[in-house]
Amino acid sequence: MDAADIVSSVLVLGIIIVSLLSNVVVLICFLYNPEIRKQVPGLFILNLTFCNLLLSVFNMPLTLVGLISTGHPGGSRCCQIVGFLDTFLTTNSMLSMAALSIDRWVAVVFPLSYHSRIRHRDAVIALAYTWIHSFCFSTVATCRSWVGYHHLYASCTLCNVRAKAAGTQFIIFTVACHSLTFLLTLIVLCVTYLKVLKVARFHCKRIDVITMQTLVLLVDIHPSVRQKCLDEQKRRRQRATKKISTFIGTFVVCFTPYVITRIVELFSPWPISPHWGVLSKCLAYSKAASDPFVYSLLRHQYRKTCILLANKVLKRSPLNSSSLWMENSVGRIPES
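- Going by the annotation in an unreviewed UniProt entry, the name recorded for the protein chain is G-protein coupled receptor 26, with Sander lucioperca given as the source organism.
- Listed in UniProt under the heading Subcellular location (unreviewed entry), the comment for the protein chain reads: "Cell membrane".
- According to the UniProt record, the Function (unreviewed entry) comment for the protein chain is "Orphan receptor. Displays a significant level of constitutive activity. Its effect is mediated by G(s)-alpha protein that stimulate adenylate cyclase, resulting in an elevation of intracellular cAMP."

### Brief notes about the nonpolar core
Then, number 1: Formed by 41 residues in total, the largest nonpolar core has its most connected members in Phe44, Phe182, Tyr193, Ile244, Phe251, Phe255 and Tyr295.
Then, number 2: Broken down by secondary-structure element, the contributors of at least two residues to this core are helix H1 (3-32), helix H3 (40-69), helix H4 (76-109), helix H6 (120-143), helix H7 (168-217), helix H8 (223-267), helix H9 (274-297) and helix H10 (300-313).
Then, number 3: Top element by residues in this core is H8. It accounts for eight residues.
Then, number 4: Discounting chain neighbours no more than four positions away, the residues touching Phe182 are Met94, Cys177, Phe251, Phe255, Thr256 and Val259.
Then, number 5: If you look at the next biggest cluster of nonpolar residues, it comprises 22 residues, including Ile15, Ile16, Cys51 and Met60.

### Examining the environment of Leu308
Then, number 1: By the secondary structure assignment, Leu308 is in helix H10.
Then, number 2: Considering only alpha carbons, one finds Leu308 and Tyr32, 276 residues apart in sequence, at a separation of 9.9 Å.

### Some words on the UniProt feature "transmembrane region" (unreviewed entry) in the protein chain
Then, number 1: Here the UniProt-annotated "transmembrane region" (unreviewed entry) positions come out as residues 6-32, 44-68, 126-147, 170-196 and 244-264.
Then, number 2: Overall, residues 126-147 shows 82% helix and 5% strand. The separation of its end C-alpha atoms is 27 Å.
Then, number 3: Annotation note: span residues 244-264, helix share 100%, strand share 0%, distance between end C-alpha atoms 29 Å.

### Some remarks on the pattern of salt bridges
Then, number 1: Summed over the entire model, instances satisfying the criterion amount to five salt bridges.
Then, number 2: A salt bridge links Arg119 to Asp122; the shortest N-O distance between them is 3.4 Å.
Then, number 3: For Arg119, a relative accessible area of 38% corresponds to the partly exposed category.
Then, number 4: For Asp122, a relative accessible area of 21% corresponds to the partly exposed category.

Calculation notes
Residues numbered from 1 in each chain as written. Predicted model: local features only at pLDDT ≥ 70, side-chain atom pairs only at ≥ 80, totals over all residues. Heavy atoms only, no water. UniProt positions renumbered as here; feature names shortened; annotations may be inferred. Core = buried A, V, L, I, M, F, W, Y, C linked by side-chain atoms within 4.5 Å. Buried < 20%, exposed > 50% of the residue type's maximum accessible area, 1.4 Å probe, protein only. Helix = DSSP H or I, 4+ residues; strand = E, 2+ residues; numbered from the N terminus. Contact = heavy atoms within 4.5 Å. Salt bridge = Lys/Arg side-chain N within 4 Å of Asp/Glu carboxyl O.

Written out as structure tokens, the structure reads:
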């Protein structure tokens, strides 16, 4: 092992630990809090958490073994199963993110008719599509023996070396797979979240106008209070932009290098550096570690559940936990 392999191994190990812990916490919150279970987005988050946990348990450790041993980890049959899971779980998680973005778009743009437009039955149908979509691509790749150990990524995944005999068929399959998963999800994320941002900014402007009119009427208001109101306006606008940037930015940063590398690999006559291949795979894995924070743990309801669980584990009284929750709630604007 050279220095780059050691760094990559430590990076993968860190991603495994963070991904396992954070996704398990999300799963515990889902099981513990009935309010989260009642919400439609909770089903999409549960599916996303399920995919991330399986990636952390089966795929990431095998990549770590491949980096340490600098060779094929496990038998051929085992690698085929893990390769099937790699395609299935990655595709499923991307489509779950697209479903979450559509849910938030409906919630923000059509708040009064949200519950009639997005029901649990609709969420189940959407999840059924993500499973069928993912299963079809991963099954075709496995049945055609296009999955195996890929030295460029030190992982059991789609392997162009095993698919050399297929030639054009493998190229078409790979381009179609990434177009109908990564590209489709990216388009959905951009369209829905940018519309959400547009609506959020519109509402912020309306609130700003009302605030400014109130400040003009309150001529005797202290300058520090006036400045505090203006600062809150600025923070409100920045908060909406920051959330949307996080949703889209983490997806682009984590998946784009890996997808571009897979496409370039199909057509480039020059070999790609294994260090870059492993790094792009690590970035894709890191999405499983960041998803719990992006979609769940930083949200108010999940934080509240985590505080209650921590108090229960530490055997604090419910009164203390309630007072702690009230202290954290003071001055907060409800999250969307």
